[in-house]
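Architecture and fold: a report
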Amino acid sequence: FGIHAFLIVTVTLSPVTAAAWSEDKVTGEDEYPPLWDLTPESLLDFPVKDNKIVINAWNYQERLGVYKILLKSSAKYFSAFGPENIGNIIWGLPLQHGWQFRTGRLADPSGMTSCGYEDGDLLCQSVRSWWSCMNYYLAVIPFLGAVEAGLFGQLPFEVEILPPEEQKDDFCYSVADCWSRMPKLMDDWKSFFEVNNKAVSPATFSSFKLDDALGLIWKAHVTSIAYALPKFQNSLKYLSDPEADFGEDWSNAVDFIAATHFSTDLLTVNNFQAFLPPRMLVEGDVLPSISDFSPQQNKVLVALRALHKANELTGGLLLKLWQNAMSTEAGRKIGRKLIESLTSS
């Protein structure tokens, strides 16, 4: 039933053909998040103050730098899965963040400040942005988990994350602070980096399995979203109803995608992001006929809405059945094929 119900939802996307896939293939610098080449590449590229490396995670470029450092430091884990680190499964996180920036989702949606707008501070990430706050738990927490796991070796300084101007209690700012306030999140992200670290030692390299690594990163990803969702429920009030619905639909869909251990490498994520909305949704956007969205983008939004509604109507039973169906490697392979059918004939 779980697979069947999910298939009913994905069948609505069958017109998304292989031709559409190739049309939307990204090339050149568009493969990477905006400003990728200008972001910090080393922890020591950030300012040091009072013997602490200080990172402003409310600046798009600095938060993106955190991802770049994670990718660079973990490249050795994934060298067997493609040249130039393209097979690194951490790519999903900065690519999502880049899509959020490109589509205006990190700017102040309340309109009370110029944070994130071209006529203000374009690189500012607003603490009133639901997307920016949710992403904090998929950027800063993984990064501090990696620090704790020893991904960067012995650092000469502690790392400190600057707080936002508002809602300071909704976030944590150092390894010790995050461990004391959200140990489960930190443990999940630390485990992902620790297991991979052990897997690349000469004695155990042959036992490194991409499926296991994907299972760990998705587990941590889902835990982060589950922790952050109730915390930032009030931030949805700043969004239009269609955009707020889409945010919640997307969060629900992540649980289904995660269960399949779907690959989050550079090329796969780029191909699928082509079908996400190219701007924020506004009042008056009615599915499935948003005129400046492609037919495929409209269909994806319809499918995400249907999946969320179906899961709600069953009291979460649909997700439980799906997760049970995805509990074996064979089941996950079928699940990934179903998701891939969204972008193939």
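Presented here is an overview of the structure given in this document. Every value quoted in this text rests on a predicted model; they were computed, and no experiment measured them.

1. Here we look at the overall build of the chain
On a plain count of helices and strands, the chain comes out with 14 helices and 3 strands. A fraction of 73% describes how many contacts in the chain between residues 6 or more apart in sequence connect residues 24 or more apart. With an accessible surface of roughly 15,300 Å², the chain has 56% of that area assigned to carbon and sulfur atoms.

2. Details of the pairing of strand β2 (residues 52–55)
Strand residues, when the strand is regular, have side chains that alternate between the two faces of the sheet. Note that strand β1 (residues 48–49) and β2 share 2 bridges and pair antiparallel. Counted as the bridge partner of Lys-49 is Lys-52 from β2. Between the antiparallel neighbours β1 and β2 lie 2 residues, among them Asp-50 with a positive phi of about 55°.

3. Thoughts on the packing of helix α12 (residues 295–313) against helix α13 (residues 317–325)
When two helices pack together, their arrangement is captured by the angle between the axes and the distance separating the axes. One can describe the packing of α12 onto α13 by two numbers: an axis separation of 6 Å at closest approach and a directional angle of 105°. Taken as axis vectors, α12 and α13 run roughly perpendicular relative to one another. Residues Leu-307, Ala-310 and Asn-311 of α12 touch α13, and the partners they reach there are Leu-317, Leu-318 and Leu-319. A class-by-class count of the residues in the contact of α12 with α13 yields 5 nonpolar, 1 polar and no charged.

4. Some words on the packing of aromatic side chains
If you walk through the whole model with that rule in mind, you get 21 aromatic pairs. Residues Trp-99 and Phe-246 carry aromatic rings whose centres are separated by 6.2 Å and whose planes lie at 80° to one another, so their mutual orientation is edge-to-face. Of this pair, Trp-99 sits in helix α4 (residues 92–102) while Phe-246 sits in helix α10 (residues 241–259), and the two are 147 residues apart along the sequence. The exposure class of Trp-99 is buried, given its relative accessible area of 4%. An aromatic cluster of at least three residues, connected via ring pairs, comprises Trp-58, Tyr-136, Tyr-137, Phe-171, Tyr-227 and Phe-232. Note that Arg-63 overlies the ring of Trp-58, its terminal NZ or CZ placed 5.0 Å from the centroid.

5. Topic: the side chain of Asp-249
Mapped onto the secondary structure, Asp-249 falls in helix α10. Only 2.7 Å separates the side chain of Asp-249 from the side chain of Arg-305, close enough to count as a polar contact. Those residues in contact with Asp-249, other than ones at most four positions away along the chain, are Leu-304, Arg-305 and His-308.

6. Comments concerning the pairing of strand β3 (residues 158–161)
Burial along β3 is one-sided: the face carrying Val-159 and Ile-161 is buried and the face carrying Glu-158 and Glu-160 is not. By the bridge criterion, 4 bridges tie β2 to β3 in an arrangement that is parallel. What sits directly across from Ile-55, in β3, is Ile-161.

7. Topic: helix α9 (residues 210–231)
An ideal rise of 1.5 Å per residue puts 32 Å on 22 residues; α9 measures up with 32 Å between its terminal C-alpha atoms. Residues Asp-211, Ala-213, Leu-214, Gly-215, Ile-217, Trp-218, Ala-220, His-221, Thr-223, Ser-224, Ile-225 and Ala-228 constitute the buried set of α9.

8. Re the packing of helix α3 (residues 60–74) against α4
For the pair α3 and α4, interaxial distance at closest approach is 10 Å and the crossing angle is 160°. One way to sum up the angle between α3 and α4 is to call them roughly antiparallel. When you trace α3 past α4, the crossing you get is left-handed. On α4, the residues touching Tyr-60, Arg-63, Leu-64, Tyr-67 and Leu-71 of α3 are Leu-93, Pro-94, His-97, Gly-98 and Phe-101. A breakdown of the residues in the contact of α3 with α4 according to their chemical character gives 7 nonpolar, 2 polar and 1 charged.

9. Re the pattern of salt bridges
This structure, assessed with the given rule, holds 14 salt bridges. Lys-219 is paired through a salt bridge with Asp-188; the nearest N and O atoms lie 3.8 Å apart. Here Lys-219, found in helix α9, pairs with Asp-188, found in helix α8 (residues 183–199); they are 31 residues apart in sequence, far enough to count as distant. Accessibility expressed as a relative area gives 45% for Lys-219, which makes it partly exposed. With relative accessibility at 6%, the residue Asp-188 sits in the buried group. Overlapping salt bridges bring together Glu-41, Lys-68 and Lys-72 as one network.

10. Structural notes on helix α11 (residues 266–273)
The element α11 is largely enclosed, with a buried count of 7 among its 8 residues. Within α11, burial applies to Leu-266, Thr-268, Val-269, Asn-270, Asn-271, Phe-272 and Gln-273. Its side-chain oxygen placed 3.2 Å from the backbone nitrogen of Leu-267, Asp-265 serves as the N-cap of α11.

Scoring rules and cut-offs
Residues numbered from 1 in each chain as written. Predicted model: local features only at pLDDT ≥ 70, side-chain atom pairs only at ≥ 80, totals over all residues. Heavy atoms only, no water. Helix = DSSP H or I, 4+ residues; strand = E, 2+ residues; numbered from the N terminus. Contact = heavy atoms within 4.5 Å. Areas by Shrake-Rupley, 256 points an atom, 1.4 Å probe, with all protein chains shown as cover. Pairing = 2+ DSSP bridges. Axes fitted to C-alpha atoms, helices over the stretch in contact; angles between N-to-C directions. Parallel < 35°, antiparallel > 145°, perpendicular 65-115°, else oblique. Nonpolar A, V, L, I, M, F, W, Y, C, P; charged D, E, K, R; others polar. Phe/Tyr/Trp six-rings, centres within 6.5 Å; stacked < 30°, edge-to-face > 60°. Buried < 20%, exposed > 50% of the residue type's maximum accessible area, 1.4 Å probe, protein only. Lys NZ or Arg CZ within 6 Å of the ring centre and 35° of its normal. Polar contact = N/O pair within 3.5 Å; in protein donor to acceptor, adjacent residues only side chain to side chain. Expected span 1.5 Å × (residues − 1). Left-handed = near helix turned anticlockwise from the far one by under 90°. Salt bridge = Lys/Arg side-chain N within 4 Å of Asp/Glu carboxyl O.

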